[in-house]
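# Remarks on the overall topology
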Amino acid sequence: MPWKNQGGGPWGSGPRGPWGSGPQPVGPRPPDLEDLLRRGQDRLQQLLPGGYFSGLGIALIVVGAIAIWLASGFYRVQSEELGIVLRFGKYVGDAQPGLNYHLPYPIETVLLPKALRVNTISIGMTLIDDPTRRGRTMRDVPEESLMLTGDENIVDVDFTVLWRIKPKGVADYLFNIQNPEGTVKAVAESAMREVVGKSDIQPILTGARTTTEQSVQELMQKTLDNYGSGIQVTQVQMQKVDPPAQVIDSFRDVQAARADLERLQNEAQTYANRVVPDAKGRAAQIIQAAEGYKQQAVAEAVGQSARFLKVYEEYKKAPDVTRERIYLETMERVLGGSEKLVYDGGAGQAGVLPYLPLNELTPKRPPATTGQSAPQSGGTR
């Protein structure tokens, strides 16, 4: 500008600016960029006496460009990455983590997918920013989580899928699928709906979570392998399995009733386990006693029959003697346990007054109650 060439500008002479005092020196001034460029051009002209477009200059420029082009082939693979080398767009090999080299572009290029990292996808829930809490909160996604069970019930399932790239399937991962995360999410949701649709709601809510997770993982892996995705499903984790919020109170009442039913059944089974063995033991005891009585009765009958047959054999040999013997044995058995009085009523003996004890022969009556007179005993006249 014209005022820069005047002494102090249009507002006066001397080292002054347009607002009064001129600039004050503060420390050493930085080097001028134009001066540095000019010095570099001078040195380059000394090296190239013929100028930039001389033969030597063009050769140096070409050599420098080739060196820079060759140096562009160096690249570094991080610890969780795996290098995929492409030659004219065709897969030719892998590159391990660390410093590697490939032929410069456009001959070879390299892709660096996160092949060694375990990825996580959530189905039925998503993280959203919550400015009130200054963080992120979990929000339910009903269109993903509500599923129909085999017994025509609705269940709310939130689960997480852990997956990674197969060590030998990186090329399939890069070239066979376009949206890996979307593919894994769609396959996970489809597999979970298929497994839940074949199961009843009660096992899913209680003790069949591990079985369900294993079935979903196997079905996902089979589907992804059919796609040739190069993805490996490492784990399926069911985060929340509940009935829909609209019926959860009623469902809890049903669960409480079922718990009471199971408790009463267990108590009844405990009582049965205590009573049934006792009853079986008593029955076995009665059966054993009856069996013993049966054997005893049969043995006695057999013995009496054998005795009768022996007596009958002797009777046929000597009827009179056998009859006398039977009579004597019978009288001995009858009179053996009774009191006996022997009276010889011959003509030469003193007389004995016969006496009949009516009081002992007459059955005794119960004592009379108060206010009644006792009956008088009578005698034989």
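Our structure is the block above this text.
Since the structure is predicted, the reported quantities are computational estimates derived from the model, not experimental observations.

### As for the overall build of the chain
The number of helices and strands found in the chain is 10 helices and 13 strands. Scored against the burial criterion, the 381 residues of the chain give a buried share of 22%. Total accessible area on the chain stands at roughly 29,100 Å², and carbon and sulfur atoms take up 56% of it.

### With respect to a nonpolar patch on the surface
On the surface, a cluster of nonpolar side chains totalling about 750 Å² of accessible area is made up of Ile58, Val62, Ile66, Trp69, Leu70, Phe74, Leu99 and Tyr101. Where the nonpolar patch is concerned, the elements lending two or more residues are helix 2 (55-71) and strand 6 (98-101). Relative to the helices and strands, Leu99 resides in strand 6.

### Quick notes on the packing of aromatic side chains
For the structure on display, the rule yields two aromatic pairs. Geometrically, the ring pair formed by Phe308 and Tyr312 is stacked, given 6.5 Å between the ring centres and 10° between the ring planes. Here Phe308 pairs with Tyr312, and both are found in helix 8 (residues 248-317), just four residues apart, close to one helical turn.

### Re the packing of helix 5 (residues 180-197) against helix 7 (residues 209-227)
At their nearest, the axes of helix 5 and helix 7 sit 9 Å apart, and the two run at 135° to each other. Classified by the angle their axes make, helix 5 and helix 7 are oblique. The hand of the helix 5/helix 7 crossing is right-handed. Counting all contacts with helix 5, which are made through Thr183, Val184, Val187, Ala188, Ala191, Met192, Glu194 and Val195, the residues of helix 7 involved are Thr212, Ser215, Val216, Leu219, Met220, Thr223, Leu224 and Tyr227.

### With respect to the sheet that holds strand 7 (residues 108-111)
Ordered in space as 5-4-7, the three strands form an open sheet in which the pairing is antiparallel. The open sheet terminates on both sides in strands that have one partner only, identified here as strand 5 (90-95) and strand 7. This sheet shows a mean twist of 30° between the axes of neighbouring strands, independent of strand direction. In this structure, strand 4 (residues 83-87) lies alongside strand 5, joined through five bridges in antiparallel fashion. Each bridged residue has a counterpart across the sheet, and for Ile84 the counterpart in strand 5 is Asp94.

### A few points about the pairing of strand 8 (residues 119-123)
Residues of strand 8 alternate between two faces, with Asn119, Ile121 and Ile123 buried on one and Thr120 and Ser122 left unburied on the opposite face. The pairing of strand 8 with strand 12 (residues 154-165) spans five bridges and is classified as antiparallel. Bridged to Thr120 within strand 12 is Leu162.

### Some details on the pattern of salt bridges
For the coordinates displayed, the defined rule picks out 12 salt bridges. Members of the salt-bridge network, linked through shared partners, are Asp156, Asp158 and Lys240.

### Concerning the nonpolar core
Buried together is how nonpolar side chains tend to be arranged in soluble globular proteins. Counting 35 residues, the largest nonpolar core has Val157, Phe159, Val161, Met192 and Met220 as its most contacted members. Among the elements of the structure, strand 4, strand 8, strand 12, helix 4 (170-175), helix 5, helix 6 (201-205), helix 7 and strand 13 (231-242) are those that each provide at least two residues to this core. Sorting elements by how many residues they give to this core places helix 5 first, with seven residues.

Parameters and conventions
Residues numbered from 1 in each chain as written. Predicted model: local features only at pLDDT ≥ 70, side-chain atom pairs only at ≥ 80, totals over all residues. Heavy atoms only, no water. Helix = DSSP H or I, 4+ residues; strand = E, 2+ residues; numbered from the N terminus. Buried < 20%, exposed > 50% of the residue type's maximum accessible area, 1.4 Å probe, protein only. Areas by Shrake-Rupley, 256 points an atom, 1.4 Å probe, with all protein chains shown as cover. Patch = residues over 30% accessible without salt bridge, like charges linked within 9 Å, V, L, I, M, F, W, Y side chains within 5 Å. Salt bridge = Lys/Arg side-chain N within 4 Å of Asp/Glu carboxyl O. Phe/Tyr/Trp six-rings, centres within 6.5 Å; stacked < 30°, edge-to-face > 60°. Axes fitted to C-alpha atoms, helices over the stretch in contact; angles between N-to-C directions. Parallel < 35°, antiparallel > 145°, perpendicular 65-115°, else oblique. Left-handed = near helix turned anticlockwise from the far one by under 90°. Contact = heavy atoms within 4.5 Å. Pairing = 2+ DSSP bridges. Core = buried A, V, L, I, M, F, W, Y, C linked by side-chain atoms within 4.5 Å.

No statement about biological role is implied by the geometric values presented.
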